[in-house]
Amino acid sequence: LLVRARYVVPVAAEDASVAAGGAETVLEDHCVAVDDDGRIIAVLPAAEAAARFPAPAESIHLDNHVLMPGLINAHTHASMVLFRGVADD
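Here the residue index of a chain counts from 1 through its sequence in written order. Totals for whole chains, interfaces and linings use all residues, but because this is a predicted model, local features are given only for residues with pLDDT of at least 70 and pairs of side-chain atoms are given and counted only at 80 or more. Computation of side-chain values: all heavy atoms of the structure, hydrogens and water removed.

Asks: Please provide a residue-by-residue account of the pairing of strand β1 (residues 2-8), values included.
Replies: Here 6 bridges tie β1 to strand β2 (residues 27-34), and the two strands are oriented antiparallel to one another. In the strand pairing of β2, Val 8 is matched with Leu 27. Whether two strands pair depends on DSSP finding at least two bridges between them. The way it works is that DSSP assigns letters per residue, a run of H or I at least four long becomes a helix, a run of E at least two long becomes a strand, and they are numbered from the N terminus. As paired elements, β1 and strand β4 (residues 59-67) share 6 bridges and run parallel to each other. Opposite Arg 4, over in β4, you have His 61 as the bridge partner.

And the structure:
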C-alpha cells in the first residue's frame, strides 16, 4: 500500500530522529509505504516513492489531507464497562 498525502506529519518517539527536522517535521507531498502486515516501511518524497515502488498493489491519493502515520489512539473506556448500570452519567 502506498499512501500519498499533501502533508505527512510523522509521529515518533521523542528520542527518534524523523527526517532532518526532528519529531515536529511536516513533510509536503510525501508518501507512506505500508507492507502486507500493516507496518510502515518507508516515509519518503512522492517522486522517490514512485521510483522505489513503481507498481504498488494499492495506492491512495490524499491531495488535501494531513497524514499522521504512527498515531495510535490508545484512549479507551473499556475498563468502564465494569461499572455499566451502576450509576447514571
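Asks: Describe the nonpolar core, naming the residues involved and giving the relevant values.
Replies: Take the buried Ala, Val, Leu, Ile, Met, Phe, Trp, Tyr and Cys residues and link them wherever side-chain atoms come within 4.5 Å; each set so joined is a nonpolar core. Buried means the residue's accessible area, taken with a 1.4 Å probe over protein chains only, is under 20% of the maximum for its type, while exposed means over 50%, and partly exposed covers the values in between. Grouped together as the largest cluster of nonpolar side chains are 7 residues: Leu 2, Cys 31, Ala 33, Ala 42, Leu 44, Ala 46 and Ala 49. Listing elements by their share of this core, those giving two or more residues are β2, β3 (40-45) and α1 (46-52). One finds Ala 5, Val 8, Val 32 and Val 34 within the second-largest nonpolar core, a separate group that totals 5 residues.

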